[in-house]
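For reference, the chains in residue letters:
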Amino acid sequence: MFIAVMIVIALLCVIGFLIYRLDLYRSYNNYRIDKIKKLEADLSKEEDLNNNTLKKLNKVAYTNPISKIGNLDFFISEAGKLFEEEPETDCTMICFNIQNIGKINKLFGPTEGDNVVIHAAHTLRDIGQRERHIFAHIYSNLLGIIVKNRSEEYIKEQIAELTRLIAAYNESFKVLTSFGVYHISDKTQPITQMINACMLAQRFVKNPEKCNYVFYTEELEADLTQNKQMSQEMEQALEEHKFLMYLQPMVDLKTFRIVSAEALVRWDYPGKGILSPYAFIPLFESTNLVQKLDYYMWEECLKTIRRWIDNKIAPTPIAMNISPIHFQNTKFIEYLDELCEHYLIDKNLLILELPERGISSGGSQTKEVITTLKEHGYTLCIDNFGSMNSPLNLLRDYPIDRIKIDRSFLNQNSDTEEGMSILRYLIAMAKEVGLTVITEGVETLEQTNLLGEIGSDIAQGYFFSKPVDLREFDQLNHSMVQRVYQSNEYYPTFEDLEKDLDLIAFMLEQA
Ligand code: C2E
Ligand code: MG
């Protein structure tokens, strides 16, 4: 009996223990399930977190930090998708930048420069979203668009709209844009190469206020190669005296005598003959090489005057072109002064032609340069007067002596009564403030007579002579002006200078 009771108790204990273990197991299991669930919840939270982080990272990677619109990577990725999904769609890429951003940064500070770029990017975004283009702020101040299935007309309209809205940023200063357009013929080429094609075309925008876009063509590529070659050859050509000085006479409209001459450069280019300055000056202006060329030309002018003087030929005052690039500082004035001292040339024999485009777009720095030139005794002439839209302000604001009315202005106005009134008014205004008026591009006798009647003092143009080389100019001059000095004129020669120096040395010895 005792044994049976013990067995039952033992059995009960075992069953109890088993029940206890089972419970324990259950609660442990529940605990584990909870734990797993929690871990799973945590994991999914982490995944969400990772996804968010990834999204954020993606956004950063594909966004331009300044304008907060898509960047170059975004542009490449969206364009890549488009070209893959729609290989047959006709696409055009347009890239543009703020052409005068350097000047804006300089005048108003980099923050204002950034604001202008942001304004341009947001204008692009608004238009891009409306028209469903792919668009991006590629880098720096370069922005890009890809336009689908649109005509050239439409593209020009888009450019005009962007130009207008971006320019509206601020009325007190100009925001100039320049656009390069590339029709994408091969969608397998790298997108960066397409951007380069746009930028290449954009480099051919010469005057963004007149026309601020260029469509890419293969010829442009060839031109660029040619330009590169010219830039590389320029310095050697200077050393080898391949740049020639041509002179074009300026004639007094009362006496019909040559009273001065403009020095115009030509390039004697191997295999191509004599090149016009239009073939290389714009290129050299875009790379600052024009500074060296001007320095060379000015020296040629002074040497020529010295040669006339030494040969007892009455020297003709020479008008020298000063590229607007020099208006950035007064350094070139020291060089001009040194040249005058070195060749012993009276500054009255020089006229400096300052292009209107450089003066009207220049700020206080340009004014300082012009004032300093005046203080140093140079005769100053505004060249291409009337080619921009600000002529009368220039007469008032700058210490100049002359204006040279631009050829295009004469052509636009010399045919009609109304045009003649404008010319007459302009000349009267200039004379009123004591300026000498020269008119350029005079090609006919009628123009010559009309200009004489309405008060132009001097004329320059093919009617009198095209620009000619020095030998021809001397012959022309020989037939039109007195060869020897008039009695009241005295120009010191080098011999005179040497005599003076001997005299000074002698006096010093005596003292
Ligand atoms: P610019 O200073 O306005 O020079 C006048 C241009 O008009 C010259 O062209 C001249 O040949 C041309 N011209 C004069 N009369 C007539 C005319 O009756 N009819 C026509 N159709 N044209 C006429 P060019 O010599 O080809 O010079 C072009 C421009 O190149 C110059 O315009 C000037 O801006 C620039 N340039 C020339 N030489 C130099 C230079 O040594 N330095 C700099 N910085 N620029 C220069
Ligand atoms: Mg000129």
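Given the structure is predicted, the values throughout are model-derived calculations rather than measurements.

### Description of the overall build of the chain
Regarding its fold elements, the chain presents 18 helices and 14 strands. In the chain, which comprises 511 residues, the share counted as buried stands at 43%. Sequence-distant contacts, at least 24 apart, represent 68% of the contacts inside the chain between residues at least 6 apart. By element, 54% of the accessible surface of the chain is carried by carbon and sulfur atoms, the whole surface being about 28700 Å².

### Considering the coordination of the magnesium ion (ligand 2)
Distances from the magnesium ion (ligand 2) to its protein donors, Glu262 (OE), Asn321 (OD1), Glu353 (OE) and Asp383 (OD), fall within 2.1 to 2.4 Å. Donor residues for the magnesium ion (ligand 2), ordered by position in the chain, follow E-x58-N-x31-E-x29-D. Pair noted here: Glu353 is in strand β10 (residues 350–355) and Asp383 is in strand β11 (residues 379–385), with a separation of 30 residues, a long-range link. The burial state of Glu353 is the same as that of Asp383; both residues are buried.

### Some words on the nonpolar core
Among the nonpolar cores identified, the biggest contains 75 residues, and Phe243, Phe284, Leu373 and Ile403 are the most heavily contacted of them. Top contributing element to this core by residue count: helix α9 (residues 290–310), with ten residues. Once residues within four sequence positions are removed from consideration, Ile403 is found in contact with Cys381, Ile382, Phe385, Leu395, Ala430, Leu435, Thr436, Val437 and Ile438.

### Considerations on unusual backbone geometry
Backbone geometry at Ser140 places phi at a positive 45°, although glycine is not the residue there. Looking at the secondary structure, you find Ser140 in the loop between β2 (134–139) and β3 (142–148). At Asn384, a position not held by glycine, the phi torsion is positive, near 55°. Within the element layout of this structure, Asn384 appears in strand β11. Taking the relative accessible area as the measure of exposure, Asn384 reaches 22% and is therefore partly exposed.

### Structural notes on the environment of Val175
Mapped onto the elements of the fold, Val175 is located in the loop between α5 (152–167) and β4 (177–184). Under the relative-accessibility criterion, Val175 is labelled buried at 4%. Counting along the chain gives 76 residues from Val175 to Gln99, while the straight-line C-alpha distance between them is 7.7 Å. Those residues within four positions of Val175 in sequence are excluded, and the remaining contacts are Ile98, Asn100, Ile104, Val116, Ile166, Ala167 and Tyr169.

### What to know about the pairing of β2
Most of β2 sits out of view: five of its six residues are buried. Where β2 and β3 come together, five bridges link them in antiparallel fashion. Residue pairing for β3: Ile134 is matched across the bridge by Ile146. The loop that links β2 with its antiparallel partner β3 comprises two residues; one of these, Ser140, has a positive phi angle of about 45°.

### Brief notes about the pairing of strand β9 (residues 318–321)
With two bridges connecting them, strand β7 (residues 258–269) and β9 associate as parallel partners. When the bridges of β9 are listed, Ala261 appears paired with Ile318. Judged from the four bridges that link them, β9 and β10 form a sheet pairing that is parallel. Residue pairing for β10: Ile318 is matched across the bridge by Leu350. Once the chain exits β9 it traverses helix α10 (residues 331–342) before rejoining the sheet at β10, and the crossover so formed is right-handed.

### Topic: the packing of helix α4 (residues 110–131) against α5
In contact at an axis separation of 9 Å, α4 and α5 are set at 140° when each is read in the N-to-C sense. Accordingly, the angle class assigned to the pair α4 and α5 is oblique. For the element pair α4 and α5, the recorded crossing hand is right-handed. Residues His119, Ala120, Thr123, Leu124, Ile127, Arg130 and Glu131 of α4 lie in contact with α5, whose contacting residues are Tyr154, Gln158, Glu161, Leu162, Leu165 and Ile166. Across the contact of α4 with α5, the residue classes tally to seven nonpolar, three polar and three charged.

### Brief notes about the confidence of the model for the chain
Averaged over the chain, the pLDDT score is 87; the fraction of residues at 70 or greater is 85%. Per-element averaging of pLDDT across the chain places helix α18 (residues 494–510) at the bottom with 65 and β9 at the top with 98. Counting contacts from residues 481–487, a segment whose pLDDT is below 50, to residues more than four positions away or on other chains yields 15 contacts.

### Considerations on the site of ligand 1
Among the 22 residues in the neighbourhood of ligand 1, the closest are listed as Asp294, Asn384, Arg407, Glu443 and Tyr462. Separating an oxygen atom of ligand 1 from a side-chain N or O atom of Arg407 is a distance of 2.7 Å. In this structure, Glu440 approaches ligand 1 through a side-chain N or O atom, which is 3.4 Å from an oxygen atom. About the coverage of ligand 1: the protein hides 90% of its 790 Å² of free accessible area. Of the residues forming the shell around ligand 1, the biggest block, four residues, is contributed by β7.

About the cut-offs
- Residues numbered from 1 in each chain as written.
- Chains lettered and ligands numbered in written order.
- Predicted model: local features only at pLDDT ≥ 70, side-chain atom pairs only at ≥ 80, totals over all residues.
- Heavy atoms only, no water.
- Helix = DSSP H or I, 4+ residues; strand = E, 2+ residues; numbered from the N terminus.
- Buried < 20%, exposed > 50% of the residue type's maximum accessible area, 1.4 Å probe, protein only.
- Contact = heavy atoms within 4.5 Å.
- Areas by Shrake-Rupley, 256 points an atom, 1.4 Å probe, with all protein chains shown as cover.
- Donors = N, O, S within 2.8 Å, 3.2 Å for Na, K, Ca; no water.
- Core = buried A, V, L, I, M, F, W, Y, C linked by side-chain atoms within 4.5 Å.
- Pairing = 2+ DSSP bridges.
- Right-handed = clockwise from strand over helix to strand, strands pointing away.
- Axes fitted to C-alpha atoms, helices over the stretch in contact; angles between N-to-C directions.
- Parallel < 35°, antiparallel > 145°, perpendicular 65-115°, else oblique.
- Left-handed = near helix turned anticlockwise from the far one by under 90°.
- Nonpolar A, V, L, I, M, F, W, Y, C, P; charged D, E, K, R; others polar.
- pLDDT = per-residue confidence, 0-100.
- Near = heavy atom within 4 Å.
- Polar contact = N/O pair within 3.5 Å; in protein donor to acceptor, adjacent residues only side chain to side chain.

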